[in-house]
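# Geometric and topological summary
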Amino acid sequence: MGAYESVKCPDCGGEMISRTGKFGVFWGCRDFPRCKGTRDSEGRSKADREKYKEEQQRERDTYDRDVEWHRNKEDNIHWNKK
Ligand SMILES: [Zn+2]
């Protein structure tokens, strides 16, 4: 079982070939230029990368909200002590 076999084109499901581009190594569809499917060196497709970015952003947003919530709560506690 090779790692290469698990890399399938996100667009057509075909085989992918390791290529080196401006941003380093990535996977390109064997049918390029007919098919523009790519994956990064970790096998993530463009959609996967965007989903990953969104998840990171959501986590950050949640963290910011939690921090804000705790800050407000502490403010209220201080306020109630007065
Ligand atoms: Zn393809």
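Residues numbered from 1 in each chain as written. Predicted model: local features only at pLDDT ≥ 70, side-chain atom pairs only at ≥ 80, totals over all residues.

## Let's talk about the environment of Gly24
Note on placement: Gly24 falls in strand E2 (residues 24–29). For Gly24, a count of 9 C-beta atoms within 10 Å corresponds to the exposed category. Placed 16 residues apart in sequence, Gly24 and Asp40 show a C-alpha to C-alpha distance of 8.9 Å. (Helix = DSSP H or I, 4+ residues; strand = E, 2+ residues; numbered from the N terminus. Buried ≥ 20, exposed ≤ 12 C-beta atoms within 10 Å, placed from the backbone.)

## Re the sheet that holds E2
Taken in spatial order, the three strands of this open sheet run E1-E2-E3, and their pairing is antiparallel. The sheet is open, and its two borders are formed by strand E1 (16–21) and strand E3 (38–40), each paired with just one other strand. This sheet shows a mean twist of 35 degrees between the axes of neighbouring strands, independent of strand direction. Here six bridges tie E1 to E2, and the two strands are oriented antiparallel to one another. The residue bridging Gly21 from the neighbouring strand is Gly24, located in E2. (Pairing = 2+ DSSP bridges. Axes fitted to C-alpha atoms, helices over the stretch in contact; angles between N-to-C directions.)

## A word on the environment of Asp40
Within the element layout of this structure, Asp40 appears in strand E3. The spacing of Asp40 and Phe23 is 17 residues in sequence and 9.5 Å in space, taken between C-alpha atoms. Apart from the residues lying within four places of it in its own chain, the contact partners of Asp40 are Phe26 and Arg49. (Contact = placed C-beta atoms within 7 Å.)

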